[in-house]
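Structural characterization, general
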Amino acid sequence: MDADLTIGERIRALRESRGMSRPVLAELCGRGPDWLKKIETGERELRSHSLLLRLATALQVADLSLITGTDTSAPTAGAQTAPLGRLAHPGMPDIWSAVMTRSLTPSSAGTVDPVALQGRVDRTWRLWHTSDKNRTEVGALLPALIRDGEFAVRTVDGEQRRKAQVALSDVYRLTGQATAYVAPAELAWVVADRALAAAQAADQPAAIAAAAWNLGNILRETSYPEEALRVVQEAAELILPHLDGAPEDWRGVYGALQLHAAVTAAREGREGDAWRYWGKGDQVAKSLPAAYVHPSTVFGRANVDFHAVSVATDLRKSQKAIGLADDIDPDVMPSRERRARLWVEVARGHLQRGDRTAALHVMQMAHRIGAETVQFTPSARTVAADLWRSAPRALRGEASRLAVDVGVPTG
C-alpha cells in the first residue's frame, strides 16, 4: 500500500482487491453507498472509531494502520487491531467490546431484574429462530444483554442471583450461536466458557447441559470431535437422573445432546455410533408432545427428522439423505434458521450424487428462507462456491447470482 494514499483511497483499494462492490461494503457497515463514496473520494472524513472497526472487519483487515496509514487525525484511539473471524459481520466489533471489556466493579446505579432479563433473552432466542437476518438483528441486541446480564449477577444475591446466572448463561449461549464463524477464536472460547461457568454457578442441571451443548458446538467446529463427544456425553449423564418429573425443556436439552453426538460421530465416519445417538434422540422426542419444540435448541420431532438428513449426508449416504428429506414437511419446524440449514444439507446430498441442477434449486430455497443463515454458514458457502464453479452452462447465471448473494468471491 502506497504510503501517500489517503484513508479513502486505501479503503477503495482494499475493497476492489477483494472484489467487493461499494453497496456491499456499505451495507456491511450499516451505511449507504453514497456515504462510502464520499469517504473513498475524500469528501467526508472518517471520524468514528466504531465505523473504522466495521470497515476493517468487513474488509478482513486486522491491522487498522493498513487503512489509516500515517494519518495522525485518524480515529485509532484504543485498540489498533480489528476482531476477525472466518467471515466478516459488521456487528462483531460491538459484541467483541461487550464481551472483552467486562467490568469487574459494576456501577452502583440502577438494578436489573433477573426475571425481566430472562424474558428479554427468551424473546431474542425467538428472534434468532424466526428472522431471515438473524445475525444482524440478534447481534444488535447482544451487547446490551451481555452488559445487563453481567451487571445483574453482581448486584443481586440468593435465589435472584441463581436466576441471573441462568439468564447470563443463556445470553452467552445465544452469543455463541449468533457469532459462529464470524467471531475470532478467542472470543468463541471465552463465550463458551462463560456460558458454562454461569450455569455451574447457578447449579442448575438443565442450564449446565445446555451450556455443554454450546461448548460441544465450539469443540466440534474447531476440530476437537472427541472432546465434543466427551462434553455432551458427560452433560447427558449429569442431567439424566433429574429427568423424571422435570420440566419438558430438561428432556429437550437431553435430546439435543444426543443429536449433537449423532452429528459429531457421523462427521467422523462412525456410522453405528451416529445412528445409535440419533436413536436416543428419537426416543426422547417420542416421549414429548408431538408439537413440543425446545426454545433455544429447537429440539423436537421435526428437528430429530432434520438431523437424520444431516447424519446421512455427513456419512455420505446421499440417496438415504434425499429419501429422508422427501418424507419431511419443513413447515412444521418453527425455526427459519433450522429450515434453511435443512435445505443446505439436502443440497449437499444432491452434490454428492452429482445432481447440480437439484442442488442449485434447493440452495436457492435455503437462501430465500434464511439469507444470513446461508451467508454465514461455511458448508452453505462451500456448496454455493461449488455450484458457481461447476453448474451446467444453462444455469451458470443463476449459480453466479446465488454466489454473489451469499458473498462467495467470484472475481
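Now for a look at the structure at hand. (Residues numbered from 1 in each chain as written. Predicted model: local features only at pLDDT ≥ 70, side-chain atom pairs only at ≥ 80, totals over all residues. Heavy atoms only, no water.)

Here the focus is the overall build of the chain. A count of helical and extended segments in the chain gives 21 helices and 0 strands. Expected size for 411 residues packed as a compact globule is a radius of gyration near 22 Å; at 22 Å, the chain falls within 12% of this value. Expressed along its principal axes, the backbone C-alpha trace of the chain runs to roughly 70 × 65 × 35 Å. Residue pairs at least 24 apart in sequence account for 66% of intrachain contacts in the chain once pairs closer than 6 positions are excluded. Surface accessibility of the chain: about 18,300 Å² in total, with carbon and sulfur atoms responsible for 50%. The positive charge centre, built from 50 side chains, and the negative charge centre, built from 49, are 3 Å apart in the chain. (Helix = DSSP H or I, 4+ residues; strand = E, 2+ residues; numbered from the N terminus. Rg over C-alpha atoms; globule rule 2.2 N^0.38 Å. Contact = heavy atoms within 4.5 Å. Areas by Shrake-Rupley, 256 points an atom, 1.4 Å probe, with all protein chains shown as cover. Lys, Arg positive; Asp, Glu negative; His and termini not counted. Charge placed at Lys NZ, Arg CZ, Asp CG, Glu CD.)

Let us look at the packing of aromatic side chains. Using the criterion set out here, one finds 2 aromatic pairs in the structure. With a centroid separation of 6.5 Å and 75 degrees between ring planes, the pair formed by Trp 189 and Tyr 224 is classed as edge-to-face. Of this pair, Trp 189 sits in helix α10 (residues 185-202) while Tyr 224 sits in the loop between α11 (205-221) and α12 (225-239), placing them 35 residues apart in sequence. Between Trp 275 and Trp 278, the aromatic rings sit 5.8 Å apart at their centres with planes inclined by 80 degrees, giving edge-to-face as the arrangement. In this pair, Trp 275 and Trp 278 are both assigned in helix α14 (residues 271-287), 3 residues apart and thus about one turn of the helix distant. In this arrangement the basic side chain of Arg 276 is found over the ring face of Tyr 277, its NZ or CZ atom lying 4.7 Å from the centre. Over the ring of Trp 275 we find Lys 320; its NZ or CZ atom is 4.2 Å from the centre of that ring. (Phe/Tyr/Trp six-rings, centres within 6.5 Å; stacked < 30°, edge-to-face > 60°. Lys NZ or Arg CZ within 6 Å of the ring centre and 35° of its normal.)

Those residues of helix α3 (residues 33-41) that sit buried are Trp 35, Leu 36, Ile 39 and Glu 40. Each buried residue of α3 sits inside an arc of 130 degrees when the element is viewed along its axis, so together they form one side. As for α3, its buried residues are in contact with α1 (7-17), α2 (22-28) and α4 (49-59). The positive-phi residue at the C-terminal boundary of α3 is Gly 42, with phi of around 85 degrees. (Buried < 20%, exposed > 50% of the residue type's maximum accessible area, 1.4 Å probe, protein only. Arc of directions from axis to C-beta.)

Let us look at unusual backbone geometry. The phi dihedral of Tyr 181 falls on the positive side, at around 75 degrees, and the residue is not glycine. Unlike most non-glycine residues, Asp 203 shows phi in positive territory, near 55 degrees. Considering the arrangement of structural elements, one finds Asp 203 in the loop between α10 and α11. Given the relative accessible area of 55%, Asp 203 is considered exposed.

Right, let's talk about the nonpolar core for a bit. Counting 81 residues, the largest nonpolar core has Leu 142, Ile 146, Leu 257 and Phe 299 as its most contacted members. Residues within four places of Leu 142 in sequence aside, it is in contact with Ile 95, Val 171, Leu 174, Thr 175 and Ala 178. (Core = buried A, V, L, I, M, F, W, Y, C linked by side-chain atoms within 4.5 Å.)

The final tally for this structure, using the stated rule, is 26 salt bridges. Between Glu 221 and Arg 267 there is a salt bridge whose closest N-O contact spans 2.9 Å. Of this pair, Glu 221 sits in helix α11 while Arg 267 sits in helix α13 (residues 248-267), and the two are 46 residues apart along the sequence. Arg 341 is paired through a salt bridge with Glu 337; the nearest N and O atoms lie 3.0 Å apart. With Arg 341 and Glu 337 both in helix α17 (residues 336-353) and 4 residues apart, this pair spans about one turn of that helix. Put simply, Arg 220, Glu 221, Arg 267, Asp 314, Glu 345 and Arg 348 are held in one network by salt bridges that share partners. (Salt bridge = Lys/Arg side-chain N within 4 Å of Asp/Glu carboxyl O.)

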